Every structure is written in structure tokens, then in C-alpha cells.
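Residue strings, one per chain:
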Amino acid sequence: TYLHKDGGLALFNGSSESSSDKTNQVLELTHSRAKAVASARHSGFFRITAQRSLILFDVGTPVSSPLNAGHAGTLSFEFSVNRHRLIVNCGGLPENNYLTESLRSTAAHSTLTVYNTHSSDILPISGFGTRRAHCFNVRRREDNRNVLVEACHNGYLDLFGLVHHRSIYLANDGLDLRGEDVLKASRKTDYNFDIRFHLHPSIKASLTKGGQSVLLQLPTGRGWRMRVSDYKLSLEESIYVGSGKIESTSQIVISGHHTHQ
């Protein structure tokens, strides 16, 4: 469920890619015959596939353990085509590093951030405070192999009076990926937000004139275009540590201002 088509792990909750050889060895040693499932609701993830395209979507409540400090990445997702990762999370480092806390932040994940605030309270070193995002209204619908997954979380409700709704749609040919982020207010609001899409270091990104779309080029030379209907896109610096080392990369950012009277 958590593997991309390159055989490596998705970067949720501080995981690293690992290698397909190591993953296969673990599966062989455990004699596992399990197959990837479309919905792993017990663990809080959806796997959406169509032809060459794959989306892994985090709709679970963040957790921490002795091996995992806990990441505030609720409603983040990763997207790959064949063996090439396009949209990713930044990942995590196994040892205590000056970047450890930054990598646990909501901003280090491909999701929406309100007022530069984590969707769940992150405690120093490890664990969470009393505020932790909880997902609800989670559902998956499929029609003629076109898949729509919807979910929302309340991590920003107590602080800002906002609920984050995210919908992800993948067409059956794997060539049309659509997403929608909505902030619903329960009281008067006046806050900035940022929607981030971190890119794998192998992806070349170029912003088109007007800032309404970004061209994404895969190592194969094939490309994807990301377009927005509201606001403008910008390209900013980012990092990727999924391979176990710190690599420079880019992120696509949609910034806006949410006002509700």
C-alpha cells in the first residue's frame, strides 16, 4: 500500500525511500502474500491508481512512536508516474539533525498550511501536544474506474475556526489528476494560507507567463502541466531527504488569503 512503482516507500511520517531490494527481502522473510489495497482505512491511507499513475493519500490521524517522532502531514499526498516520483513529501532523517523539526512540519508536506501553523501541535524532539488533526467525512467513490477521494480535517478548527477539505480525482486513463482544497469557516476569519507541492529532485519545473501553470518535466523527457483556477503559482526552493541525503529541489506554492465575515 505504501510503495511507489519504483519499489521504494512513500515519504509519510518520516520514512525514507529505502530500496526495492530491501523491501523485497523483508516481504520474502515474512512470507507475505499481501497485495496493495486501494483503501487502508485502518492505517489512514488511500492508494489511487490508473494506468501509469499512482497517488498515495494520507487521511489518518498523526501518530508518534519510539521510532517515529510524529509528522504533521495530514491530507498530504504523493504522486508518481511509472517509476518516477513527481509530487512528494520532504521525508525524514533517522538521526537527530538540525532539520528534524522542520521536516516534521506541515510545510514540509504536500498539503495546505494556515497562517504558517502546523495542522497538529508538534512537541520538541518527539510527539504531539493536545491539538492533533482528526480526519472525518472520508470517502472514496469510483465510476467507470475514475476515482474521487474526499476527506477533511479539524486541525485548524480550534485555533482559526477553519476546517480543511481536500478532494483528489484521478481519471481512468491516468492522465488527468485534479485536486480541490477548501477552507470552511465556523466563525470570522482573516488568515493567510499556502498550498505546497514538493517536487522530487529529478523533476524540472518551469513557471509559465502569468503564473497560472507550471510545466513539469520527467527524466524521460515527458511532461505534465499543473494549472490553477484561482490565485497564482510560484516556484520556491525546497529540500528532499528521501534518499537518505539532503538534496535541493523545488516546490510549487499557491498562496492566498482566507476571509470570512
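Residues numbered from 1 in each chain as written. Predicted model: local features only at pLDDT ≥ 70, side-chain atom pairs only at ≥ 80, totals over all residues. Heavy atoms only, no water.

Asks: Would you take a moment to explain the packing of aromatic side chains for this structure?
Replies: Aromatic rings considered in pairs are described by the distance between their centres and by the relative angle of their planes. By the definition in use, this model includes nine aromatic pairs. Ring centres of Y2 and F45 lie 5.2 Å apart, and the angle between their planes is 80 degrees; this geometry places the pair in the edge-to-face category. One end of the pair, Y2, is in the segment before α1 (20-29); the other, F45, is in strand β2 (residues 45-50), and 43 residues separate them in sequence. Look at F79 and W224: their rings are 5.1 Å apart centre to centre, the planes differ by 80 degrees, and that puts the pair in the edge-to-face class. Taken together, the residues F79 in strand β4 (residues 77-81) and W224 in strand β14 (residues 223-227) connect sequence positions 145 residues apart. Of the residues examined, F79 reaches a relative accessible area of 2% and is grouped as buried. Through successive ring pairs, a cluster of aromatic residues spans Y115, Y156, F160 and Y191. (Phe/Tyr/Trp six-rings, centres within 6.5 Å; stacked < 30°, edge-to-face > 60°. Helix = DSSP H or I, 4+ residues; strand = E, 2+ residues; numbered from the N terminus. Buried < 20%, exposed > 50% of the residue type's maximum accessible area, 1.4 Å probe, protein only.)

Asks: It is not clear to me how the pairing of strand β7 (residues 135-143) should be interpreted in this structure. Could you clarify?
Replies: Each regular strand carries side chains that alternate between the two faces of the sheet. Note that β7 and strand β8 (residues 146-153) share seven bridges and pair antiparallel. What sits directly across from R141, in β8, is L148. Taken together, β7 and the strand that follows it, β8, pair antiparallel across an intervening segment of two residues, in which N144 is found at a positive phi of about 55 degrees. (Pairing = 2+ DSSP bridges.)

Asks: What am I meant to see in unusual backbone geometry here?
Replies: Most of the time, phi is negative for any residue but glycine, and the peptide bond is trans. Positive phi, close to 55 degrees, is recorded for Q51, a residue that is not glycine. Of the residues examined, Q51 reaches a relative accessible area of 61% and is grouped as exposed. Even without a glycine there, the phi angle at Y115 is positive, about 50 degrees. Here Y115 shows up in the loop between β6 (112-114) and β7.

Asks: Can you help me understand the sheet that holds β14 in this one?
Replies: Hydrogen bonds between backbone atoms are what pair the strands of a sheet, whose relative direction is either parallel or antiparallel. Sheet architecture is open: three strands sit in the order β12-β13-β14, paired in antiparallel fashion. Looking at the sheet topology across the chains shown, the edges are occupied by β12 (204-207) and β14. Sheet twist, expressed as the mean angle between neighbouring strand axes with direction ignored, is 20 degrees. (Axes fitted to C-alpha atoms, helices over the stretch in contact; angles between N-to-C directions.)

Asks: Sorry, what's going on with the pattern of salt bridges here?
Replies: For the structure shown, the criterion picks out nine salt bridges. For D121, the salt bridge identified is with R131, shortest N-O distance 2.9 Å. In this pair, D121 sits in the loop between β6 and β7 while R131 sits in the loop between β6 and β7, placing the two residues 10 residues apart along the sequence. Since its relative accessible area comes to 28%, D121 is described here as partly exposed. Note on R131: relative accessible area 11%, which makes it buried. Among the salt bridges present, the one from E142 reaches R140, with a minimum N-O distance of 3.6 Å. (Salt bridge = Lys/Arg side-chain N within 4 Å of Asp/Glu carboxyl O.)

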